[in-house]
Every structure is written in structure tokens, then in C-alpha cells.
Amino acid sequence: MVKIGNLLKGDARTVKARKNVLASFLLKGIDGIVYLLFVPVTLGYLKPYEYGVWLTLNSILLWIDSFDIGLGNGLRNKLAEAMAAGDHERARCYVSTAFFMLILLMGAMVALGSIAAPWIDWYGILHTSPDEVGSLGKIVYLSFLIYCLNFIFKFIGNVYLAAQLPAVNNFFVTTGHLVALIVIYILTKTSPGSLLAVAVVYCASPLAIYLLAYPVTFFRIFPYLRPGLKSFRSKYLKDLFNIGVLFFILQLSGILLFSLANILISHLFGPERVTPYNIAYRYYSLVPMVMAIIVGPMWSATTDAYSRGEMEWIGMAMKRVRKILILASVGLLVMTAVSEWVYRIWIGSDEVKIGFPISCWMGLYTMILVWSLAYSHFLNGMGKLRLQTINTLIVALLFYPVCSFLGNHMEIPGVLAGMCLLNFSGLVLNMIQFNKLMRGSAHGIWEK
């Protein structure tokens, strides 16, 4: 048995990463339970049709996450570099510049969204009947406004990520989800089902947590990072955007792939079929969630190590992660074997049928995803994004034709088969690039 004391031995960077992994396991364990409980609680409040509409709408709203043009992740890398150098002034300038640019970007988004709102046919986009869901335009617009506000303030999480404290960011995320679950559960006991209520509660709960975190973060924990207009530096926009634009493309493409799957399934088979797909997605997402806990601290720790030229530390960290990836793959096989039994206990409803083929393909897709993302975290920490960006753009362009073709022949399993096929290229390229960088043999596109 491994003693806790032994886990907390080693160099300062490794110890800090391990402490955050341990804390994140506790927080993400709670978040995983909350994530699973969302399904039966929300299904108990909404009809399966309404729930499918909400899942599709929520996946579209996630696109807003990409409209910082990579500023969040750009800030994460550049702030980590400034902190590693002990340059508090430059660090504050990065935070201030990113914060006020986010306000400008989201302000522009709100203005454009407000102008466009009356002209958008959301019933047509979501392939939804007005008889089933009322006031859909109002629901979308309110959710959009809250999402924009949430996006401005969630940059606070990037500050903690840059400081190699991902457990704090996980605390914010978990608390926001927990508050939303509690409120929706109360609504199931006190009011009739309302898609508007679910949308507002789900979107506003994380915002409330970040608003409470702002004064604690910048007046108590990191006062030297407090945003101020005097610290805004337009010259630092180039630093943030140079790497941030590549993060933006990666982020946007990833969100599009997730969102398009929901939209494609809704259009091909109806909104109600989005529900079984997302139930399977939530079930298997427990594995990426656990892997994110483990590899999350590696991103900023890799930035710190790479800026100091400590490649040996990066290599040793990757070896440990590979062993965990093998265990995760075995876990996915077990999850697939018992999936039907788990669904019956978890959902407790005969209205929603998932089917074993969906589980098999979702398990394979998740396995490809966790291996690829593990390597991506190390490459992102080193700032090697060019190859990932090119591949992700190609995958995003091929997604609709490939997945719709296979979906028409195999239904939802076909959509997942297409996702497996397209994402496998990213895994192969990430592994090759990482190994080349570690051997010092990366040239041309492989070192960018």
C-alpha cells in the first residue's frame, strides 16, 4: 500500500501536482455524482422531448466558450511563464489585459446576439415543434446572456490553473454544478416542469460562484494580480493572441464536434433521440473526468518545466500518465460490459432505451479521446499547437459528411463510429509529435 507521505515526496513541482490531484479527486468525485444525478433529476422535471431539446440547446451555447479567441488558455500559459519568472508586474498586466478584452468581446457578442435574436428560427434549427416547447426564442436569449456573463468571470479559473492550482478551479466548477442540481431538485417538488427554469438555473449557478470568487481571489489570495485598467497593455495582446488563436481553433473545433453530434442526431432521428446519446455520453464521461484530474496539473507544470529546459521531468511525468491510461482503458471495457445494468439502475425509466451498440461505440470513442487528450495536455503546456490545430480543423470539416453518412446507415452507432474514425488521427499525431520532441528530433511542423 502506498503511503500518503510517500506521495508527497519529491521536487516542489511534483509535490504540488500530486496535492492538486488528490484534492481534485475528491472534488471531481463529488462532481461526477452530481453529473450523474442531473440526468434522473432533470428527466423527472422535464419530458424526454424537452430534455432532448435542452441538451441540444446547451451544446450550442457551449460555442460561446470558444469566443474568447483563446484568451483564457493563452492567459493560462503566459501567466504561468510570468509566475515562473517571478515577474508580478507582467503577470498582472496579462490578467488585466485578458479580463478587459473578455469584457469587450462578450459585449460585442451580446450586441450582435440582441440584434440577431428576432430573426433566428430556433424551432427550425433545433428541429423542434412549438407545440412541444413554448417560448424557445426567449429561453435561448436569456441563456445566451447569462452564458456571456459567466464567460467573462470564469477566467478566474485560468488564474488558478496558471498557478498550478487546478483543484481550486475544480472547486468552482463542482460547486456551480451542485448548486444547480439542488435548485432543480427543489423545483421538481415545488413547480411544474419548465425548460426556461432549467436553462436559467443551469446557466446562472456557475456565474454566482465566480462572482463570489472574484473578491476572494483578487483581494485576498492574489492581490498582485488584481485587474485594473492601468495595467491593461495592448502590446501583451500579441503574446496572448499568438498562442491564444491556436487554442481558439482547437477549442472551437472540439466544441463544434460535440455540439454537431447533438444537432446531427436531432435532425436525423428527432430531439428525443439526443437523450439516449447524452446518457451514454455522461456515463462514459466519468473516465475523461478522472483523467482530467490527473493530467490537468501537468499542463501548467509542463509549461514551467519546459521554460526551464527540464525535459527529463516531462518524460517521467508522461510515463506515469501512460500507466494510468492503460488502467483507464481496462476500466472502459468493464464499464461497457456492465452498461445495460447500470443504465437500468441509474435512469430507472422505461421511456429511455440506450442499447448496447451505442455503449460499445461510445466506449471506444472515449478510449481514443482520453489517450489523445493526455498527450495534448503535455503538448499544450509546451506550446506545440500547430499540428493539433491543422488536424482538428480537418476533422471538424469532415465531421458532418462522414458522421451523417454512417448515421444514415447505422443510426446513432454510426455517428459514434464516424467520431472514432475521425479522432483516431489526432491520437496518432499527438503521440508521434510528443515522442519526437522528447528525442529532440522534431523538425518543421513537428516542432510548432
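Residues numbered from 1 in each chain as written. Predicted model: local features only at pLDDT ≥ 70, side-chain atom pairs only at ≥ 80, totals over all residues. Heavy atoms only, no water.

Trainee: So what exactly am I meant to see when it comes to unusual backbone geometry here?
Mentor: Negative phi characterises most residues that are not glycine, and trans characterises most peptide bonds. You will see that E411, though not glycine, has its phi angle at about 60°, which is positive. Tracing the sequence through the fold places E411 in the loop between α17 (386-410) and α18 (412-439). Exposure remark for E411: the relative accessible area of 41% places this residue in the partly exposed category. (Helix = DSSP H or I, 4+ residues; strand = E, 2+ residues; numbered from the N terminus. Buried < 20%, exposed > 50% of the residue type's maximum accessible area, 1.4 Å probe, protein only.)

Trainee: I keep staring at the pattern of salt bridges and nothing clicks. Help me out?
Mentor: One side chain can pair with another of opposite charge once the charged atoms of both are near each other. Applying the stated criterion across every chain yields a total of two salt bridges. Residue R90 pairs with D87 through a salt bridge whose shortest N-O separation is 3.3 Å. (Salt bridge = Lys/Arg side-chain N within 4 Å of Asp/Glu carboxyl O.)

Trainee: Sorry if this is basic, but what is going on with the environment of S191 here?
Mentor: Mapped onto the fold, S191 is located in the loop between α9 (166-190) and α10 (195-221). We classify S191 as partly exposed; its relative accessible area is 26%. In sequence terms S191 and Y45 are 146 residues apart; their C-alpha atoms lie 9.0 Å from each other.

Trainee: Is there a simple way to think about empty space enclosed by the protein in this case?
Mentor: If you roll a probe as big as a water molecule over the atoms, it shows you where there is empty space left. Summed over all chains, the structure comprises three cavities of 30 Å³ or more. Computed from the structure, the second largest cavity encloses a volume of approximately 60 Å³. Taken together, F38, T42, Y51, W54, L55, I184, V198, Y202 and R282 make up the full set of residues lining the second largest cavity. Put simply, the parts of the chain that give the lining of the second largest cavity at least two residues each are α2 (12-43), α3 (48-61) and α10. Top contributing element to the lining of the second largest cavity by residue count: α3, with three residues. Looking at side-chain class alone, the lining of the second largest cavity contains seven nonpolar, one polar and one charged residues. (1 Å grid on protein atoms, 1.4 Å probe; cavity = no way out; pocket = protein on both sides within 12 Å on 5 of 7 lines; lining within 4 Å. Points joined across faces, edges and corners; volume = space filled by probe spheres on them. Nonpolar A, V, L, I, M, F, W, Y, C, P; charged D, E, K, R; others polar.)

Trainee: Can you walk me through the packing of α3 against α10 in this structure?
Mentor: Helix packing for two helices is described by the angle between their axes and how far apart those axes are. Their axes nearest at 11 Å, the elements α3 and α10 cross at an angle of 35°. Between α3 and α10 lies a crossing whose hand is right-handed. Listed contacts from α10 to E50, V53, W54 and N58 of α3 are L195, V198, A199, Y202 and C203. Per-class residue counts for the contact of α3 with α10 are seven nonpolar, one polar and one charged. (Axes fitted to C-alpha atoms, helices over the stretch in contact; angles between N-to-C directions. Left-handed = near helix turned anticlockwise from the far one by under 90°. Contact = heavy atoms within 4.5 Å.)

Trainee: Help me understand the packing of aromatic side chains, please; the structure alone is not making it clear to me.
Mentor: For any two aromatic rings, the description comes down to two numbers: the centre-to-centre distance and the angle of the planes. Applying the stated criterion across every chain yields a total of 19 aromatic pairs. Summarising the aromatic geometry, the rings of W54 and Y202 are spaced 5.5 Å apart at their centres and angled 75° between planes, so their arrangement reads as edge-to-face. Here the residue W54 occupies a position in helix α3, and Y202 occupies one in helix α10, the gap between them amounting to 148 residues. Y202 sits in the buried class, given a relative accessible area of 17%. Look at F378 and F434: their rings are 5.8 Å apart centre to centre, the planes differ by 70°, and that puts the pair in the edge-to-face class. A residue pair is termed long-range when its members are at least 10 positions apart, and F378 in helix α16 (residues 356-381) and F434 in helix α18 qualify at 56 residues. In this structure, F378 and F434 share a single accessibility class: buried. Through a chain of ring-to-ring contacts, the aromatic side chains of F99, F100, F153, F155, Y214 and F218 assemble into a single cluster. (Phe/Tyr/Trp six-rings, centres within 6.5 Å; stacked < 30°, edge-to-face > 60°.)

Trainee: How do you make sense of the confidence of the model for the chain when you look at a structure like this?
Mentor: Do not read the predicted coordinates in detail wherever pLDDT is low. A residue-level look at the chain finds 88% of positions with pLDDT of 70 or above and a mean pLDDT of 82. Counting interchain partners and residues more than four positions distant, the pLDDT-below-50 stretch residues 1-7 has three contacts. (pLDDT = per-residue confidence, 0-100.)

Trainee: Just checking my understanding: could you explain α10 for this structure?
Mentor: Note: α-helices contain 3.6 residues per turn, so residues at a spacing of three or four share the same orientation. If you check α10, its first and last C-alpha atoms are 38 Å apart, about what 27 residues at 1.5 Å a residue would give, namely 39 Å. The largest bend in α10 is about 30°, located at A213, with the proline P215 one to four residues further on. (Expected span 1.5 Å × (residues − 1). Bend = angle between axes of the 7 residues up to and from the residue.)

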